[in-house]
Amino acid sequence: METTVERTVTLGSKSGLHARPAAIFVQHAKSYQSQITLVKDEKTANGKSILSVLALGAEQGDRVLLKISGSDAETALNKLVRLLEGDLG
Amino acid sequence: MKLLRGIPASPGLALGPALTVRSAPPVDPNEQREADAPAETARLEQAIKQAIALLERLKSTASGPLAEILAAQREMLDDPEMKQGAIELIAGGSSAAAAITQVANSYAGELARLDDPYLAARSEDVREAGRRIVAELRGSRQTITLDQPGILVARDLSPAELAGLDPRFLLAIVSETGSASGHLAIVAQGLDIPAVVGVAGALDEIETQQTLIVDGERGTITLDPGEAERARVEQRLREVENGRRALEVYRDRPGLTADNVWIEVFANIGSLAEARKAVEMGAEGVGLFRTELLASQGLPSEEVQYQVYEEIASLLRSPLIVRTFDIGGDKPVPGLDIPAEANPFLGWRGLRLSLDRPEELFLPQIRALLRASLAHDVRILLPMVSTPEEVEAALALIDRARRDLESAGHSLRHVPLGIMVETPAAALTLDRFTGLIDFASIGTNDLVQYTYAVDRTNPRVRERARPLGIAVLRLIDAACRTGIPIAVCGQLAADPAAIPLLVGLGVRELSVPPARVSSVKQFLSTMTLAEMQQRAREALERS
């Protein structure tokens, strides 16, 4: 079943989405079938692409919209929101 | 015998054969494919898989910051957007190598334009990922192998290339590009391997197997050294090795004079890497953390500062004395508007600037320090103080920050406060600071400069200053007589000619570069306190 879910998240990682947290996020994102998108200000990133996630230039405390659509969207949303809100390292 | 010069990037001396690494020719971004699009795409996918497999192997042996860089690079190789972009270019006629190079360069450019200097620096990682894929496509994979001791000579070396090398065989690094604070310098210092970077034309001058001497302190490379020169370096290397062994016993001991009077030996640091080195070298604490180095890319936020102080203090598990920003007209900070001054050393700097711009500079730093002090022994040190009134003003601001935090539910303990004694005014009237401060630390470089009115950056007059002259010794003597605990954190603190005089006058803490901690402890153990006091008395009378 195709569903689309979204939520706005405040980044908890102390270094924002720098290389290491971005790599961890992308590895998790890739484990889902769904299409995963991050939106910050006017920029949109493919959540499975580390280059496009890095190019967001997101820092701790930034608010980021997480949009997920696909068969496992609900599960992915729960997991990825927790990752973004927590300290990715 | 020929001499090349570059930028000293990591200290030390090495003698051995050169191993030159010549980079592959660059990719022509307009190169057209010879095969049809599906075949070229398949080649690209195969090359990406091989590049990932190679990086996985490198990653498995790396640790620390290098492992993090490699983990991010591995994700970059596997990036679906980068691959898709390249496949589209291949469909349009590009060769796989040209396509992946174009896409990688375009992402690198995008990252380089971000405000965040850390992310901008990642653009080099993206280019490197592109080059790795190209190397697989060409079948000219560039793994550098060192199976015997050698000195690596290259145009540039990426962290990934360094990770694949066996540090036991890596005697020194020479590169044509790079800066004193670049990737290569940081990795070489971490590995304790001499490095000279920015050596123009190194690859034109040096052949593989040619014998080299690399001096990482002076930034020189000697080609084909003569017999006498080789013998001299071999002798020095033996001395360094013997010295290192002899000093090892001092690492885990406190600083003690021959008659067991405890003189604390602390370290001066400017970064987390230096904090690690301080711990490794057996420093009993950090006597001077130069926080202005955190502001080289712009003023760090309270949160960023808190994370740094917290991380360093947990690493040390011993006192961490943090000097508040010592910023002035001669040390510009991006984003911070400080007017250029005719006399920056006598100008709007250090505590003066912090007091005049509290919301921007002083309060966020103090809040970060007070928060870090909740769990650690953090102490505050104020730079460029001349009068007690300045300290009173600072204390009022510190109280304000303390009340903010207490009303947020934190219960703070007393955080010791100290001042730098850099001006003759502070040294001569230190007794008037009693009750306001818990300790004082003499910054000998500035105190000497202000006492003799000699600009240490001016070669015409530099030699006229007398670091151990009677004027400076009298000032230190006056400071020690106040009964306020006195530390010394300038260059004199590590100087064997100065240590007996300083300790003899009453200094009980020496804060020195991390690499000098053991040798200072060793030196302290060679004299009794009475002998040092005798030397100090003689010096005060003689000079």
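The structure under discussion appears in the preceding block.
(A) Structural view of the overall build of chain A. Of regular secondary structure, chain A possesses three helices and four strands. The order of α-helices and β-strands along chain A, N terminus first, is β-α-β-β-α-β-α. Across the 89 residues that make up chain A, the buried fraction comes to 44%. Intrachain contacts of chain A at a sequence separation of at least 6 include 72% that bridge at least 24 residues.

(B) The overall build of chain B, seen in detail. Along the backbone of chain B there are 21 helices and 16 strands. Counting every position in chain B, which comprises 543 residues, the buried fraction comes to 43%. Taking as baseline every contact in chain B between residues at least 6 positions apart, the subset at least 24 positions apart corresponds to 68%.

(C) Geometry of helix H6 (residues 123–138) of chain B. Residue and element names in this part refer to chain B. The end-to-end C-alpha distance of H6 is 23 Å, a good match for the 22 Å that 16 residues give at a rise of 1.5 Å each. Of all 16 residues making up H6, 13 are buried, and the element is well covered by its neighbours. Gly-139 sits one or two residues past H6 and shows a positive phi near 70°.

(D) Summary view of the interface of chain A and chain B. Contacts between the two partners involve 16 residues from chain A and, on the opposite side, 22 residues from chain B. At the level of secondary structure, the elements contributing two or more residues to the side of chain A that touches chain B comprise helix H1 (19–30) and helix H2 (50–54) of chain A. Classifying every residue of the side of chain A that touches chain B gives seven nonpolar, six polar and three charged.

(E) Highlighting the pairing of strand S13 (residues 417–421) of chain B. All names here are of chain B. By the criterion of burial, S13 is predominantly enclosed, with four of the five residues buried. Alignment of strand S12 (residues 378–382) against S13, held across three bridges, turns out to be parallel. Bridging across to S13, Leu-381 finds its partner in Gly-418. In this region the chain leaves S12, passes through helix H15 (residues 388–407) and returns to the parallel neighbour S13; the handedness of that crossover is right-handed. Where S13 meets strand S14 (residues 439–442), four bridges bridge the pair, whose relative direction is parallel. When the sheet's bridge partners are listed, Val-421 is paired in S14 with Ile-442.

(F) Here's a closer look at the nonpolar core. Judged by nonpolar contacts, the single largest core of 85 residues is most densely connected at Val-286, Tyr-309, Ile-419, Val-421, Ala-479, Leu-502 and Leu-510 of chain B. Leu-502 of chain B has contacts with Ile-476, Val-488, Leu-492 and Val-507 of chain B, leaving out every residue within four places of it along the chain. Core analysis: the next-biggest nonpolar cluster, separate from the first, contains 58 residues, Val-26, Ala-45 and Ile-68 of chain A together with Ala-51 of chain B among them.

(G) Just the sheet that holds strand S11 (residues 320–323) of chain B, in detail. Residues and elements named next belong to chain B. Ordered by their spatial adjacency, eight strands build a closed barrel running S9-S10-S11-S12-S13-S14-S15-S16, and the pairing between neighbours is parallel. On average, adjacent strands in this sheet sit at an angle of 25° to one another, irrespective of strand direction. The pairing of strand S9 (residues 264–269) with strand S10 (residues 286–290) spans three bridges and is parallel. What sits directly across from Asn-268, in S10, is Leu-288.

(H) Representation of the sheet that holds strand S7 (residues 211–215) of chain B within the structure. Residue and element names in this part refer to chain B. The mixed open sheet is built from eight strands, whose spatial order is S1-S8-S7-S3-S4-S5-S6-S2. Strand pairing shows two members of the sheet lacking a second neighbour, strand S1 (2–5) and strand S2 (7–10), which therefore form its edges. In this sheet, adjacent strand axes meet at a mean angle of 30° when their direction is disregarded. Two elements, strand S3 (residues 13–21) and S7, share five bridges in a ladder whose sense is antiparallel. Of the residues in S7, the one forming a bridge with Ala-14 is Val-214. Against the sheet, helix H10 (residues 227–248) touches S3, S7 and strand S8 (220–223), its axis set at about 110° to S3.

Definitions and limits used
Residues numbered from 1 in each chain as written. Chains lettered and ligands numbered in written order. Predicted model: local features only at pLDDT ≥ 70, side-chain atom pairs only at ≥ 80, totals over all residues. Helix = DSSP H or I, 4+ residues; strand = E, 2+ residues; numbered from the N terminus. Buried ≥ 20, exposed ≤ 12 C-beta atoms within 10 Å, placed from the backbone. Contact = placed C-beta atoms within 7 Å. Expected span 1.5 Å × (residues − 1). Nonpolar A, V, L, I, M, F, W, Y, C, P; charged D, E, K, R; others polar. Pairing = 2+ DSSP bridges. Right-handed = clockwise from strand over helix to strand, strands pointing away. Core = buried A, V, L, I, M, F, W, Y, C linked by C-beta atoms within 7 Å. Axes fitted to C-alpha atoms, helices over the stretch in contact; angles between N-to-C directions.

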